[in-house]
Amino acid sequence: MGEVLVLVEQADGVVKKVTTELLTLACSLGEPSAVWVGPGYSTAAEATLAEFGAAVVYVAESPELAAHPVAPKAEVLAHLVSEKSPAAVLVASTADGKEAAGRLAVRIDSGVITDAVAVSPELVATQSVFGGSTVVHSRVTSGTPIFTVRPNSTPPVASNGAAVRSDISITLSDAARKASVTGSTVAVKGGRPELAEAAIVVSGGRGVGSPEGFAVIEALADSLHGAVGASRAATDAGWYPHQYQVGQTGKTVSPQLYIANGISGAIQHRAGMQTSKTIIVVNKDAEAPIFELADYGVVGDLFAVVPQLTQEIGKRSA
Amino acid sequence: MKIAVCVKQVPDTWAEKKLRSDDSTLDREAADGVMNELDEYAVEEALQLGEAHGAEVTIVTMGPERAGETIRKALSMGADAGIHLVDDGLHGSDALATSYALATILNGRGFDLIIFGSESTDARMSVVPAMVAERLGVAQLTFAQKVEIAGSDVTIERVTDSGYDTVKASLPVVLSVVEKINEPRYPSFKGIMAAKKKPVETLTVADAGLDMARVGASASWSAVVDFAARPPKAAGTVVTDEGDGGVKIADFLTGQKFI
Ligand SMILES: Cc1cc2nc3c(=O)[nH]c(=O)nc-3n(C[C@H](O)[C@H](O)[C@H](O)COP(=O)(O)OP(=O)(O)OC[C@H]3O[C@@H](n4cnc5c(N)ncnc54)[C@H](O)[C@@H]3O)c2cc1C
Ligand SMILES: Cc1cc2nc3c(=O)[nH]c(=O)nc-3n(C[C@H](O)[C@H](O)[C@H](O)COP(=O)(O)OP(=O)(O)OC[C@H]3O[C@@H](n4cnc5c(N)ncnc54)[C@H](O)[C@@H]3O)c2cc1C
């Protein structure tokens, strides 16, 4: 079986869940190797990569690699593709991941498939397109196949890997150095799982009515250890930060459980959450189209139903 | 300053989108074509930067005949000129082919800024701006929620999952924008009339000097194997709140082992 490269996503040295999913997927395609780009590789990170099956970890640690956006990741991967001739490259379908995959595709002149939800051992990808209404099977026909894979597509399964460290040093191209990251501003509160990765997402829409109203949504999310999402009506009104928008022009989420509160279910919102495994709806209008997606729905005022639900969860999980 | 804005015509987002059964490409006849929503923000940003710094704004699109409507719309918003790459040989191009074609047209025309939307609403790949930057070897400043230009220095706020990064480069740059950046203007009647007289250059694959073997469906680096409509979801249970709606959802969640 061939080697499969997995680009590691990390925050402050901690490996993100999506990377453990990609390693699990890579195990089914060949022999997984993790690729770490930037400073901060730690024994904790190594332990996680080993736990999910990485046989080798290529570590490119130069601080310079984190000083420029996106391009360094593509250049480290391109170097490894030419050295190792892997069977495939897997990257998370995040903004950075997709852009790195795109630049890599140009560099190594290979096809790229984005937003795969599955990849078969024959390297045929499944894409869920048009907001989940159509399922497409596609393949790369030229070069080393590059896939970006949506978070929450493969349940991570532990599988012992040796995680043998192999240090990589490359010289960045002049083009990669042309843009520099000079600062990072954290605008959102931590403590909750990341929206795109979360197993449970609790969202609020125009029906939430105000920024203060979102306290009700946050309390429910916290009772389930979930992430908070919002419709565009809520983010446009400034009630909740734009980062949390779910839909066509926001994040695409595919959690185990999605709870939509005070959201009507416009086609552009559905495009971002339609593939959630279980969907719960709370809306006071029985005609709201979001009910078409509901596994369980309650027609009622969210300010009565949601706090009661939060309280009930508290009681039952105590 | 010379600014180019790349815009894509996409099916109206309110319509159901479909793939064609004959060649698995997007069925563009099934719905009205509109300018990709985020590209309106890209045009608006170009116009605002042009108003502040003085610039000529050129709209660039690759697409069938009727994608010309999208150029006209941008011209009626206030852009100065258009370039339309239109050729049957381009049909079915994937992202590599599209970025190759766009980079080839943009190259050598002296653009200081090339502005994109950060994502199309039909294929939603979010890769074309980065690919064009890679091909042209110019700085990539993408997912911008704010852009500032001082002399030849460009600074953006790049949206991240937790907030934003500040990213800097010198002209020329490739920019892509998110919808938080501005509020696109509507074309005025005067703008619509003026747009009719603005120049639009139409290019074929040969005119643009493109290698026929690197564009279109047969030349693409990826291919659709098959596709199918997703089976409709089985209808769920909907109840009316009678004071116990929250408890009922909790019962359902307990049954599904979420609690
Ligand atoms: C190109 C384009 C892209 C877009 N992208 C996105 C996107 O990414 N994400 C997105 O979400 N939208 C997007 N939209 C906007 C989308 O069309 C809708 O306008 C938006 O989703 C509506 O948000 P909403 O459901 O919160 O608001 P509304 O449609 O106003 O619905 C509010 C709902 O709340 C219910 N309600 C009110 N009060 C209560 C209460 N007290 N208790 C219970 N229920 C209550 C009402 O019955 C109603 O159903 C896009 C639109 C366009 C044109
Ligand atoms: C459902 C579906 C899935 C697809 N999956 C893949 C895939 O996995 N791999 C693949 O290689 N191709 C794929 N394609 C083909 C791909 O959509 C086209 O090649 C397209 O031109 C680039 O993708 P995008 O529209 O998603 O671009 P994005 O990268 O999302 O577009 C960003 C910006 O680039 C600019 N832009 C994009 N296209 C044009 C254009 N024609 N003219 C001018 N500016 C433009 C616009 O400013 C736009 O806002 C798919 C197409 C469909 C319909």
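Treat the numbers as computed from the prediction; the structure is a model and nothing was measured. (Residues numbered from 1 in each chain as written. Chains lettered and ligands numbered in written order. Predicted model: local features only at pLDDT ≥ 70, side-chain atom pairs only at ≥ 80, totals over all residues. Heavy atoms only, no water.)

On to the site of ligand 2, then. Around ligand 2, a shell composed of 31 residues is seen, among which B:C6, B:K8, B:D39, B:V127 and B:V128 lie nearest. Chains contributing residues to the immediate surroundings of ligand 2 are chains A and B. B:D39 places a side-chain nitrogen or oxygen 2.5 Å from an oxygen atom of ligand 2. Here ligand 2 has 940 Å² of accessible area as a free molecule, and 91% of this is covered by the chains. Those elements that place two or more of their residues in the shell around ligand 2 are β7 (112-119) and β8 (125-129) of chain A together with β4 (56-62), α3 (95-106), β6 (113-117) and α4 (128-136) of chain B. For the shell around ligand 2, a count of residues per class yields 16 nonpolar, 10 polar and 5 charged. (Near = heavy atom within 4 Å. Polar contact = N/O pair within 3.5 Å; in protein donor to acceptor, adjacent residues only side chain to side chain. Areas by Shrake-Rupley, 256 points an atom, 1.4 Å probe, with all protein chains shown as cover. Helix = DSSP H or I, 4+ residues; strand = E, 2+ residues; numbered from the N terminus. Nonpolar A, V, L, I, M, F, W, Y, C, P; charged D, E, K, R; others polar.)

This part is about the sheet that holds strand β6 (residues 88-92) of chain A. Strand order in the open sheet formed by 10 strands is β11(A)-β5(A)-β4(A)-β1(A)-β6(A)-β10(A)-β7(A)-β8(A)-β9(A)-β12(B), with mixed pairing between adjacent strands. The sheet is open, and its two edges are formed by β11 (164-167) of chain A together with β12 (222-229) of chain B, each paired on a single side. Neighbour-to-neighbour, the strand axes of this sheet turn through a mean angle of 35°, independent of strand direction. Against the sheet, helix α5 (residues 95-108) of chain A engages β6, β7 and β10 (146-149) of chain A, with an angle of about 175° to β10(A). (Pairing = 2+ DSSP bridges. Axes fitted to C-alpha atoms, helices over the stretch in contact; angles between N-to-C directions. Contact = heavy atoms within 4.5 Å.)

What follows covers the sheet that holds strand β5 (residues 81-85) of chain B. Strand order in the open sheet formed by 10 strands is β12(A)-β9(B)-β8(B)-β7(B)-β10(B)-β6(B)-β1(B)-β4(B)-β5(B)-β11(B), and the pairing between neighbours is mixed. In the strand order of this sheet, the two ends are held by β12 (180-186) of chain A together with β11 (200-203) of chain B, each with one partner. For this sheet the average axis-to-axis angle between neighbouring strands, irrespective of direction, equals 30°. The sheet contact formed by β12(A) and strand β9 (residues 163-170) of chain B spans 6 bridges and is antiparallel. When the bridges of β9(B) are listed, A:T185 appears paired with B:Y164. Running at roughly 110° to strand β7 (residues 139-150) of chain B, α5(A) makes contact with β7 and β8 (153-159) of chain B of the sheet. Seen against the sheet, α3(B) touches β1 (2-6), β4, β5, β6 and β11 of chain B and runs at an angle of roughly 150° to β4(B).

Taken from the UniProt record, the annotation "domain: Electron transfer flavoprotein alpha/beta-subunit N-terminal" (unreviewed entry) applies to residues 4-186 of chain A. Taken end to end, residues 4-186 of chain A has its terminal C-alpha atoms 33 Å apart, with 30% of it in helix and 33% in strand. (UniProt positions renumbered as here; feature names shortened; annotations may be inferred.)

This brings us to the nonpolar core. Soluble globular proteins tend to pack their nonpolar side chains together in the buried interior. Of all hydrophobic cores here, the largest spans 49 residues; its most connected members are A:F214, A:Y258 and B:I249. Within the residue set of this core, elements represented by two or more residues are β13 (200-204), α6 (214-223), β14 (227-230), β15 (257-261), β16 (278-283), β17 (296-299) and α9 (302-317) of chain A together with α6 (245-255) of chain B. In this structure B:I249 touches A:I280, A:V282, A:Y296, A:V298, A:V305 and A:L309, once residues within four positions along its chain are discounted. In this structure, B:Y41, B:V43, B:I59 and B:V154 belong to the second largest nonpolar core, which totals 35 residues. (Core = buried A, V, L, I, M, F, W, Y, C linked by side-chain atoms within 4.5 Å. Buried < 20%, exposed > 50% of the residue type's maximum accessible area, 1.4 Å probe, protein only.)

What follows concerns the pattern of salt bridges. When the charged atoms of two side chains with opposite charge come close together, those side chains can pair. Applying the stated criterion to the full structure yields 35 salt bridges over all chains. Between B:R158 and A:E99 there is a salt bridge, with its nearest N and O atoms 3.1 Å apart. Here A:E99 lies in helix α5 and B:R158 lies in strand β8, a pairing that spans two chains. Per residue, the accessibility class of B:R158 equals that of A:E99, and both read buried. For B:K233, the salt bridge goes to A:D295, with nearest N and O atoms at 3.0 Å. Of this pair, B:K233 sits in the loop between β12 and β13 (237-240) while A:D295 sits in the loop between β16 and β17, placing the two residues on different chains. (Salt bridge = Lys/Arg side-chain N within 4 Å of Asp/Glu carboxyl O.)

Moving on: unusual backbone geometry. The omega torsion across B:L171 and B:P172 is 0°, close enough to zero to call that bond cis. Mapped onto the elements, B:P172 comes out in the loop between β9 and β10 (173-177). With phi around 45°, A:S85 is a residue other than glycine that occupies positive phi space. If you trace the backbone, A:S85 turns up in the loop between α4 (71-84) and β6. One non-glycine residue, A:L123, adopts positive backbone phi at about 65°. Of note, A:L123 is situated in the loop between β7 and β8. Here A:L123 falls in the buried class, since its relative accessible area comes to 19%.

Moving on, we get to the site of ligand 1. Around ligand 1 there are 29 residues in total, and A:R206, A:S231, A:S264, A:Q268 and A:N283 lie nearest to it. Flanking ligand 1 are residues from chains A and B. Between ligand 1 and the protein, one listed contact pairs a nitrogen atom with a backbone N or O atom of A:L302 at 2.9 Å. Contact with the protein chains hides 83% of the accessible area of ligand 1, taken as 990 Å² for the molecule alone.

Attention now goes to the interface of chain A and chain B. Contact residues are listed per partner, giving 88 residues for chain A and 80 residues for chain B. Regarding the contact of chain A and chain B, the summed buried area is about 7,000 Å², with carbon and sulfur atoms giving 55% of it. Taken together, the connections running from chain A to chain B amount to 9 salt bridges. Scanning the region where chain A abuts chain B turns up 51 residue pairs in polar contact (both at pLDDT 80 or more). Only α5, β7, β9 (134-140), β12, α8 (267-270), β16, β17 and α9 of chain A provide two or more residues apiece to the side of chain A that touches chain B. A per-class count over the side of chain A that touches chain B returns 37 nonpolar, 34 polar and 17 charged. (Buried area = accessible area lost by both parts, 1.4 Å probe.)

In the numbering used here, UniProt assigns the feature "domain: Electron transfer flavoprotein alpha/beta-subunit N-terminal" (unreviewed entry) to residues 23-212 of chain B. Helix makes up 29% of residues 23-212 of chain B and strand 29%, with an end-to-end C-alpha separation of 19 Å.

Further remarks concern the pairing of β10(A). Residues and elements named next belong to chain A. The alternating pattern of β10 places I146 and T148 on one face and F147 and V149 on the opposite face, and all of these are buried. Pairing geometry for β6 and β10, over 4 bridges, is parallel. Paired with L90 across the strands is F147, a residue of β10.

Before going further, it helps to spend a moment on the packing of aromatic side chains. Summed over the entire model, instances satisfying the criterion amount to 4 aromatic pairs over all chains. Between A:F214 and A:Y240 the ring centres are 4.5 Å apart and the planes differ by 25°, which places this aromatic pair in the stacked class. In this pair, A:F214 is assigned in helix α6 and A:Y240 in the loop between α7 (232-236) and β15, connecting sequence segments 26 residues apart. The same class applies to A:F214 as to A:Y240, namely buried. For B:K2, the ring lying beneath its charged end belongs to B:F111, and the centroid distance is 5.2 Å. The ring of B:Y100 carries B:R214 above its face, with NZ or CZ at 4.2 Å from the centroid. (Phe/Tyr/Trp six-rings, centres within 6.5 Å; stacked < 30°, edge-to-face > 60°. Lys NZ or Arg CZ within 6 Å of the ring centre and 35° of its normal.)

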